[in-house]
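A structural walkthrough
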Amino acid sequence: RIYRITGIDTKYYSIFSSLNNIVLIKITMTKSPNLESLFPSEADIPVEFNLTETIEQREYLVNGEMRQWHGKTQDVWSPVYVKTANGLEQKRIGSYPITDATDGMEVLYAAVKAYDNGRGEWPAMSVAQRIECVEKFTQKMIQKRAEVVKLLMWEIGKSLGDSEKEFDRTVQYIYDTIGALKDIDRNSSTFIIEEGIIGQVRRSPLGVVLCMGPFNYPLNETFTTLIPALIMGNTILFKPPKHGTLLHYPLLEAFRSSFPAGVINTVYGRGNSVIPSMMESGKIDVLTLIGSSKVADKLKKMHPKVNRLRAILGLDAKNAAIVTASADLELAVKECMLGSLSFNGQRCTALKMMWVHRSLVDSFNTRMSEEIAKLKLGMMWDKGVNITPLPEPNKPAYLKELIEDAKLHGAKVMNEGGGDSSKSLVYPALLYPVNSKMKVWHEEQFGPVVPVVAFDDIQEPIDYLIESSHGQQVSIFGRDVNQISELMDVAVNQVSRVNINAQCQRGPDGFPFTGRKDSAEGTLSVTAALRSFSIRTVVATKETAENKAIIN
């Protein structure tokens with residue numbers, strides 16, 4: 001007799017019997033876990049990671065003072081839901097001010113006053129003095145590590161390990177920036193003599209910088225623009241991301257006590273309410289935004305003197321992986337897993353479209369499904385967790401829409417349970433075959449959805465790169481040197497980084513980080529960012545005895 005055995009909670013089932021007519025049966029279950037059961041009760045949350053009380057921010061930094069706020073506030077809800085007697089309830093972790101356009105203009109004019117056309121205390125400081133202030137801030141920032149890491153976990157659902165890594169990497173970025181500025185300053189101290197002209201090339205600040213960071217790396221990505229802009233002598237208007245606002249609150253006092261009044265000021269509230277009047281004033285000299293290209297386009301058009309506005313932007317990306325026929329399948333699967341699903345796929349550098357040669361696609365899908373089944377879903381503090389709650393409230397519904405649209409146009413979910421969701425948790429979905437009729441072909445999913453396309457001719461993924469409106473990075477997998485060279489020669493003119501047998505990524509921070517087409521404007525890396533937030537100026541004179549004496 002053969003019995004069919006089903007179940008949910010147990011992965012493996014076996015029957016042992018001494019009876020001759022019953023045989024041993026082993027059924028492997030690949031069903032996704034019960035997602036709702038992964039949310040904790042309040043008692044299940046480890047004490048060292050729990051927020052003992054909500055954080056009700058009633059201050060903002062403007063003109064060197066912590067201004068008290070008595071107006072409207074915005075509640076902050078964690079992506080974590082907690083089991084209660086009434087079912088799952090979203091955990092509220094605090095609130096922050098909602099300033100309006102009038103408040104925003106006050107903050108803007110504090111920054112304008114502090115810059116004072118380049119004659120303010122901060123832009124007029126020596127490089128050594130500015131470095132000293134940034135070092136002072138960094139030491140105070142390090143003292144707030146535990147608070148910031150905990151808020152990273154609770155606000156955006158980032159795992160403990162990734163939250164700690166983000167904080168530590170940010171601190172290292174600051175020190176690397178200081179080192180790079182020292183090198184630039186040394187080079188600027190020399191004089192050049194050419195054709196009878198004595199010249200010195202130095203770097204000067206640009207003015208008032210509006211800095212807006214992303215929710216997925218609200219500390220690191222924000223500081224990779226804020227710190228170089230600051231240390232080069234600019235004054236800052238800092239608007240934290242919608243998801244990831246409270247985690248900056250512990251650092252406000254460090255900013256206040258480390259820099260002159262008005263050098264760094266914070267703006268809160270809804271971007272469409274406070275930002276337009278600032279841009280329309282023409283007082284913003286630099287716009288730095290990591291986010292949507294549509295938002296960036298709107299903001300730039302608001303400025304009355306677009307040619308005077310410098311933009312440093314990190315925008316949308318739809319990075320592709322191209323797995324050629326000669327690829328090492330296991331290596332490709334490993335890197336594609338990391339590239340597409342690290343931090344739930346919520347990275348601009350994530351792999352968001354897998355092009356796999358038809359001779360490998362079945363094996364690729366099988367192995368990817370097996371590896372997805374090994375991923376651990378859970379809360380941020382769970383050891384070894386891979387997939388955590390998504391901070392954007394509408395994201396699960398959007399991902400479901402992408403999946404259903406793909407199925408409508410011929411795709412299948414290749415892994416058991418793919419696309420299942422409960423509240424803010426979404427089980428990763430492997431989609432195949434994907435085609436150009438589907439939304440997921442064109443739209444950046446920014447979540448745990450992995451689209452796979454089979455190709456026969458290498459020209460197919462090449463055409464995809466050429467036709468795409470995005471141009472950040474690509475990953476090429478293969479062992480055929482000639483084919484890799486062919487792909488690379490095409491790709492370097494379509495994207496800004498080509499990764500060979502490796503996932504797409506930002507680091508190391510010394511490498512240029514930028515993009516083509518609608519993916520970026522300006523370059524961010526340690527040294528390039530310092531150049532992006534400054535401009536070269538030349539002091540020159542004719543080589544005469546009198547002028548030499550003046551220069552000396």
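Small disclaimer: the values here were computed from a predicted structure and weren't measured. (Residues numbered from 1 in each chain as written. Predicted model: local features only at pLDDT ≥ 70, side-chain atom pairs only at ≥ 80, totals over all residues. Heavy atoms only, no water.)

**Considerations on the state of the cysteines**
Formally: Whenever a pair of cysteine sulfur atoms sits within 2.5 Å, that pair is classed as a disulfide. Three labels apply to residues, based on accessible area from a 1.4 Å probe with only protein chains included: buried if under 20% of the type maximum, exposed if over 50%, partly exposed otherwise in between.
Scanning all chains against the criterion turns up zero disulfides. Free cysteine: Cys 133, not disulfide-bonded; nearest cysteine sulfur from Cys 211 at 18 Å. Its relative accessible area of 14% is what places Cys 133 among the buried residues.

**Quick notes on the nonpolar core**
Counted only if it meets this: We define a nonpolar core as any set of buried Ala, Val, Leu, Ile, Met, Phe, Trp, Tyr and Cys residues linked to one another through side-chain atoms lying within 4.5 Å. Numbering of helices and strands starts at the N terminus; helices are DSSP runs of H or I of at least 4 residues and strands are runs of E of at least 2. When checking whether two residues touch, look at their non-hydrogen atoms; a contact exists if any pair is within 4.5 Å.
Membership of the largest hydrophobic core comes to 100 residues, with the highest contact counts inside it found for Leu 237 and Phe 259. The element that contributes the greatest number of residues to this core is helix H5 (residues 160-188), accounting for nine residues. Each residue touching Phe 259, except ones within four places of it in the same chain, is listed here: Trp 122, Cys 133, Val 134, Phe 137, Leu 230 and Ile 264. Counting 30 residues, the second largest nonpolar core, distinct from the first, contains Val 426, Ala 429, Phe 455 and Ile 484.

**Notes on the packing of helix H10 (residues 329-341) against helix H11 (residues 358-374)**
Just so we agree on the cut-off: Simply put, an axis is a line fit to the C-alpha atoms, just over the touching stretch for a helix, and the angle between two N-to-C directions goes from 0 to 180 degrees. Any angle that falls under 35 degrees is termed roughly parallel, while one over 145 is termed roughly antiparallel, one within 65 to 115 roughly perpendicular, and all others oblique. Handedness of a crossing follows from how the near helix is turned relative to the far one, being left-handed for an anticlockwise turn of less than a right angle and right-handed for a clockwise one. Any residue that is not Ala, Val, Leu, Ile, Met, Phe, Trp, Tyr, Cys, Pro, Asp, Glu, Lys or Arg is counted as polar, Gly included; the first ten are nonpolar and the last four charged.
Two elements in contact, H10 and H11, have axes whose closest approach is 10 Å; the angle formed by their N-to-C orientations is 55 degrees. With respect to their mutual orientation, H10 and H11 come out oblique. The crossing of H10 and H11 is right-handed. Where H10 abuts H11, its residues Leu 329, Glu 330, Val 333, Cys 336, Met 337, Ser 340 and Leu 341 lie against Ser 363, Phe 364, Arg 367, Met 368, Glu 371 and Ile 372. Counted by class, the contact of H10 with H11 contains eight nonpolar, two polar and three charged residues.

**Quick word on the packing of aromatic side chains**
Going by this rule: Only Phe, Tyr and Trp rings are paired, with Trp represented by its six-membered ring, and only when their centres lie within 6.5 Å; those with planes under 30 degrees apart are stacked, over 60 edge-to-face, the remainder tilted. Geometrically, a lysine NZ or arginine CZ counts as sitting over a ring once it is within 6 Å of the ring centre and also within 35 degrees of the ring normal.
Scanning all chains against the criterion turns up 15 aromatic pairs. Aromatic pair Phe 223 and Phe 255: ring centres 6.1 Å apart, planes at 50 degrees, arrangement tilted. Of this pair, Phe 223 sits in helix H6 (residues 220-231) while Phe 255 is found in helix H7 (residues 252-258), placing the two residues 32 residues apart along the sequence. For Phe 255, a relative accessible area of 2% corresponds to the buried category. One aromatic cluster is present, formed by Trp 122, Phe 137, Phe 223, Phe 255 and Phe 259 through successive ring pairs. A cation over a ring is seen here: Lys 91 above Trp 154, with NZ or CZ 5.5 Å from the ring centre. For the cation-ring pair, Lys 158 lies above Phe 343, with the distance from its terminal atom to the ring centre recorded as 4.5 Å.

**Examining helix H3 (residues 127-142)**
Applicable threshold: Between the first and last residue of a helix there are one fewer steps than residues, each counted as 1.5 Å, and that sum is the expected span. Think of the arc as the fan of directions from the helix axis to the C-beta atoms.
Taking 1.5 Å per residue as the helical rise, H3 with its 16 residues ought to reach 22 Å, and the 23 Å between its terminal C-alpha atoms agrees with that figure. Here H3 has its buried residues at Val 127, Arg 130, Ile 131, Cys 133, Val 134, Phe 137, Thr 138 and Met 141. Considered in projection along H3, the buried side chains sweep an arc of 160 degrees and stay on one side of the axis. Relative to its buried face, H3 has exposed residues pointing more than 90 degrees away, namely Ala 128 and Glu 132. In this fold, the buried residues of H3 make contact with helix H2 (121-124), helix H4 (145-156), H5, H6 and H7.

**A few points about the sheet that holds strand S27 (residues 534-542)**
Applied cut-off: Here the rule is simple: two strands pair whenever DSSP picks up at least two bridges between them.
Strand order in the open sheet formed by three strands is S8-S9-S27, and the pairing between neighbours is antiparallel. With partners counted over all chains shown, the strands left at the sheet margins are strand S8 (192-194) and S27, one partner each. Each strand of the sheet is rotated relative to its neighbour by a mean of 35 degrees, with strand direction disregarded. For S8 and strand S9 (residues 197-205), the ladder comprises three bridges, and the chain directions are antiparallel.

None of this, on its own, says anything about what the molecule does.
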